[in-house]
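Chains, contacts and geometry: an overview
Below are the chains, spelled out letter by letter.
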Amino acid sequence: MNPPFGKVLIANRGEIAVRVIRACREMGIATVAVFSDADRESLHVLLADEAVLLGPAPAAESYLAIDKIIAAARATRADAVHPGYGFLAENAAFADACAAAGLTYIGPPPAAIRAMGDKMAARRTAIQMKVPVVPGTERPLADDAEAARVAGEVGYPVMIKAALGGGGKGMRLVRQPSELAGALRAARSEAGGAFGDSSVYIERYIDEPRHIEIQVLADGHGGVVHLGERECSIQRRHQKLIEESPSPVVTPEMRRQMGDAACRIAAAAGYVNAGTVEFLVDRDRRFYFLEMNTRLQVEHPVTELVTGRDLVKEQLRIAAGEKLGFTQDDVTWTGWAIECRINAEDPYANFIPSPGLIEGLRPPSGPWVRDDSGVYEGYTVPRFYDTLMAKLIVWGADREAAIARMARALGEYKVVGIQTTIPVLQHIMGHPDFLAGRLSTQFMERLMHADRPEAAGRHRTVAIIAAALAAYDRAGRQAPIPSSGLSAWRRALRPGGRSR
Ligand code: MV4
């Protein structure tokens, strides 16, 4: 097969830049990394064929600087640009700028990015395509009186959401009529500040929903397929921690329905490339369209492991104008995959970022274990960017086997020098609610608040485990690992040695 491009510039950093470089290398495509002053020694720079310095560490002067990235692509004579996720992914102006410079943007058409960036417009598309949405408004709320009327109709509690929102910004829960006016004002002002548009709408509140999303692939010839779902309910402050595929609650029939709904939305939006359609799923397993993400997502590997399809290679082929090489009937799902996000954060200190030197590192390996990492031993995690260091993804024949394998792999994963999310991930792998597949977007809040007596009454097991974890932590902290010397970290890498 001929490579779809000669040279691709990756407008990103960290593990996702590495992931794209790997796909390109396997396809015989040359790669260009871009980097900031803080990333001179980053893995993506070391692995790419060429690397171009963008500028100072702050993202606004490097990874978000559209002109600098376009100039780097021109200077290196790249054919195409992959945005990764975050930074300029989902920035329609960047997609426009690539096209204007004669570069192929490896992502959806700018019009599809814009259409889905407006959550109210996306909601209207879903309604048109007969996809269920949460009962609420189809147009921005005119005033408080309209808000009160709609809230009364759909029934309290309600959510107020920003039209251009996402990720929870400009979102307010309103439990009773007396809270409505204040919440409206707060949501409008937050939305205005964050998005320059204070339009808001109302939806009925779904309590303790699951977050389940469908992966779609669409080519430029009308071909649209879905690759099934990912369950992403375990998140903290809108940052996912653990994702899995399939979802413990999705049946084959439900997968067909959600998948078909996602494909209809993608087709209606004129979508091309890889995209994700998000749904809320309530206690009765009814699903409601939430929004569409117009990028490759962090958690894409779990889909890759259960479908056997390389999503980045599909993105590259689609962007080069190729037709999808398979149909919906060709898509099959085998076994179970789980991803854990290894973040440079201190889970014992409210997940504050923990940048710094990685003095010792021993990643797990062995059968069906994948470590998509952006770091290495001796590397210093800079403080300027998000804290995701690596993603640990495992596959098992069924959910139980996948969980056991993840617990095993997390046990092998040793990081010395900085704090990581590994202990909390290990904790969750043994949690009775996780083991039983009892998941909701409130899972982490429950876990973190289990030390409060009133919460402990309701969630006793959680409280006991949290107390044990806290005790383990105190014990761990009594003997900090010296920050120098080979023998110190070698001890820490031993079984039972602390991952820090
Ligand atoms: C909701 C909801 C409950 N009811 N909408 C949060 C991010 C934004 N994109 C949509 N979000 C939610 N919308 C209704 N009508 C609960 C959430 C929500 C959530 C959704 C997905 C993943 C994690 C979440 C965490 C808290 C709240």
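Residues numbered from 1 in each chain as written. Predicted model: local features only at pLDDT ≥ 70, side-chain atom pairs only at ≥ 80, totals over all residues. Heavy atoms only, no water.

Moving on: the overall build of the protein. Assigned secondary structure in the protein consists of 18 helices and 22 strands. Considering the protein as a whole, with its 500 residues, one finds that 56% of them fall into the buried category. Within the protein, residue pairs in contact and separated by at least 24 positions form 65% of the contacts whose partners lie at least 6 positions apart. Taken as a whole, the protein presents about 20,200 Å² of accessible surface, with 52% of it coming from carbon and sulfur. (Helix = DSSP H or I, 4+ residues; strand = E, 2+ residues; numbered from the N terminus. Buried < 20%, exposed > 50% of the residue type's maximum accessible area, 1.4 Å probe, protein only. Contact = heavy atoms within 4.5 Å. Areas by Shrake-Rupley, 256 points an atom, 1.4 Å probe, with all protein chains shown as cover.)

Take the packing of aromatic side chains next. Enumeration according to the criterion identifies nine aromatic pairs in this entry. Between tryptophan 368 and tryptophan 395 the ring centres are 5.8 Å apart and the planes differ by 40°, which places this aromatic pair in the tilted class. In this pair, tryptophan 368 is assigned in the loop between strand S18 (360-362) and strand S19 (369-373) and tryptophan 395 in strand S21 (residues 388-396), connecting sequence segments 27 residues apart. Its relative accessible area of 17% is what places tryptophan 395 among the buried residues. Through a chain of ring-to-ring contacts, three or more aromatic side chains come together here, namely Tyr63, Phe87, Phe384 and Tyr385. For arginine 309, the ring lying beneath its charged end belongs to phenylalanine 326, and the centroid distance is 3.7 Å. Against the face of phenylalanine 434 rests arginine 399, its NZ or CZ located 4.7 Å from the ring centre. (Phe/Tyr/Trp six-rings, centres within 6.5 Å; stacked < 30°, edge-to-face > 60°. Lys NZ or Arg CZ within 6 Å of the ring centre and 35° of its normal.)

So, about the nonpolar core. Counting residues in each nonpolar core, the largest one holds 37 residues, and the members touching the most others are Ile242 and Met389. At the level of elements, strand S11 (239-245), strand S14 (336-343), S21, helix H12 (399-412), helix H13 (422-429) and helix H15 (443-448) are the ones that each hand at least two residues to this core. When residues no more than four places from it in sequence are discounted, the contact partners of isoleucine 242 are Glu231, Cys232, Ile234, Ile338, Glu339, Cys340, Leu425, Ile428, Met429 and Phe434. With 32 residues, the next largest nonpolar core counts Ala48, Tyr85, Val272 and Leu324 among its residues. (Core = buried A, V, L, I, M, F, W, Y, C linked by side-chain atoms within 4.5 Å.)

This brings us to the packing of helix H5 (residues 110-117) against helix H6 (residues 119-128). Packed helix pairs are specified by the crossing angle of their axes together with the interaxial distance, meaning the distance between the axes. Close contact between H5 and H6 brings their axes to 5 Å; oriented N to C, the two are set at 95°. In terms of orientation, H5 and H6 fall into the roughly perpendicular class. Listed contacts from H6 to Ala115, Met116 and Gly117 of H5 are Lys119, Ala121, Ala122 and Thr125. Tallied by class, residues from the contact of H5 with H6 come to four nonpolar, two polar and one charged. (Axes fitted to C-alpha atoms, helices over the stretch in contact; angles between N-to-C directions. Parallel < 35°, antiparallel > 145°, perpendicular 65-115°, else oblique. Nonpolar A, V, L, I, M, F, W, Y, C, P; charged D, E, K, R; others polar.)

Shape is all these values report; function is a separate question.
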